[in-house]
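Analysis of the macromolecular model
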Amino acid sequence: MGSAKKTESKSRKARIKEMRRAEQARERRSRILTITASAIVVAGLVAGGAFLISSQSDDKDSASGDSKSTSGKFVTGKDGVKTWSTKLTQNHVTKDVKYPMEPPVGGDHNQVWMNCNGDVYTKAIKNVNAVHSLEHGAVWVTYNSKASDADVKALSEKVKKTPYTLMSPVEDQKDPIMLSAWGSQRTVTSASDPAAAKFFETYVQGKQTPEPGAACTNGLSQ
């Protein structure tokens, strides 16, 4: 049993390592394309003016109903993990979204993700950007003022060592320490709670990921 878990863990780490190499390659190609495309963009700004106005109008229409973009409820499993009961929407919107859970585990979100390559944020971040990170397969560690300094420090060290994770304070959440992935969430009692390690193992680039291998860098950062 232990051997199988070690093999699965090694396989997951190798897969994440390969995704990071692919992401770095994409970044290099992106820089080259950016230089080439800069002249085209200047010309396209003139021709694309009418399209931009139309696109902005469409975004406003989408954002105006974003508070109703997610419906359903949490269903708690025997392992303590809560799973959202309905399919979560994935539309890009330009305004804030009123999510039915805090922290949110999915739904409409901003087109720019929060960097989630082991990023630890000491100030609150916007839900609409963090949700996009979850869509990319990240685990979001959140805490409020009731969490102990020792747990916050230990969790931040864990996150810094783990690609496809991020951490930030969320004062309005129900429990001191919570872990979220796309469609799933759980509370843990402390940084040393075995359930925390299990959640990381299962949900960092886990089967729930809508966009596996998508970037966790070149997004938004504080």
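Shown above is the structure to which this text applies.
This is a predicted model, so every value here is computed, not measured.

1. Details of the pairing of strand E7 (residues 184–187)
In this structure, strand E2 (residues 82–84) lies alongside E7, joined through two bridges in antiparallel fashion. Note on E7: the bridge partner recorded for Lys 82 is Gln 185. In this sheet, E7 lies alongside strand E6 (residues 177–181) in antiparallel orientation, the contact comprising four bridges. Bridging across to E7, Ser 180 finds its partner in Gln 185. What sits between the antiparallel neighbours E6 and E7 is a turn of two residues, in which Gly 183 has the positive phi angle 80°.

2. Concerning the side chain of Thr 209
By secondary structure assignment, the location of Thr 209 is in the segment after helix H5 (194–203). With residues up to four places along the chain from it excluded, the contact list for Thr 209 reads Glu 135, His 136 and Gly 137.

3. Let's talk about H5
Inspection of H5 places Ala 195, Ala 196, Phe 199, Phe 200 and Tyr 203 among the buried residues, and these make up the whole buried set. The arc that holds every buried residue of H5, seen down its axis, measures 140°, which confines them to one face. The exposed residues of H5 that point more than 90 degrees off its buried face are Pro 194 and Lys 198. Where the residues of H5 are buried, they touch strand E4 (139–143), helix H4 (149–160), strand E5 (165–169), E6 and E7. Taking the backbone nitrogen of Ala 195 as reference, a side-chain oxygen 2.9 Å away marks Asp 193 as the first, capping residue of H5. Just past H5, the residue Gln 205 takes up positive phi, approximately 55°.

4. Re the pattern of salt bridges
Inspection of the entire model under this criterion finds one salt bridge. Between Lys 160 and Glu 157 there is a salt bridge, with its nearest N and O atoms 3.8 Å apart. Of this pair, Lys 160 and Glu 157 both sit in helix H4, separated by three residues, roughly a single helical turn. Under the relative-accessibility criterion, Glu 157 is labelled partly exposed at 36%.

The rules we used
- Residues numbered from 1 in each chain as written.
- Predicted model: local features only at pLDDT ≥ 70, side-chain atom pairs only at ≥ 80, totals over all residues.
- Heavy atoms only, no water.
- Pairing = 2+ DSSP bridges.
- Helix = DSSP H or I, 4+ residues; strand = E, 2+ residues; numbered from the N terminus.
- Contact = heavy atoms within 4.5 Å.
- Buried < 20%, exposed > 50% of the residue type's maximum accessible area, 1.4 Å probe, protein only.
- Arc of directions from axis to C-beta.
- Polar contact = N/O pair within 3.5 Å; in protein donor to acceptor, adjacent residues only side chain to side chain.
- Salt bridge = Lys/Arg side-chain N within 4 Å of Asp/Glu carboxyl O.

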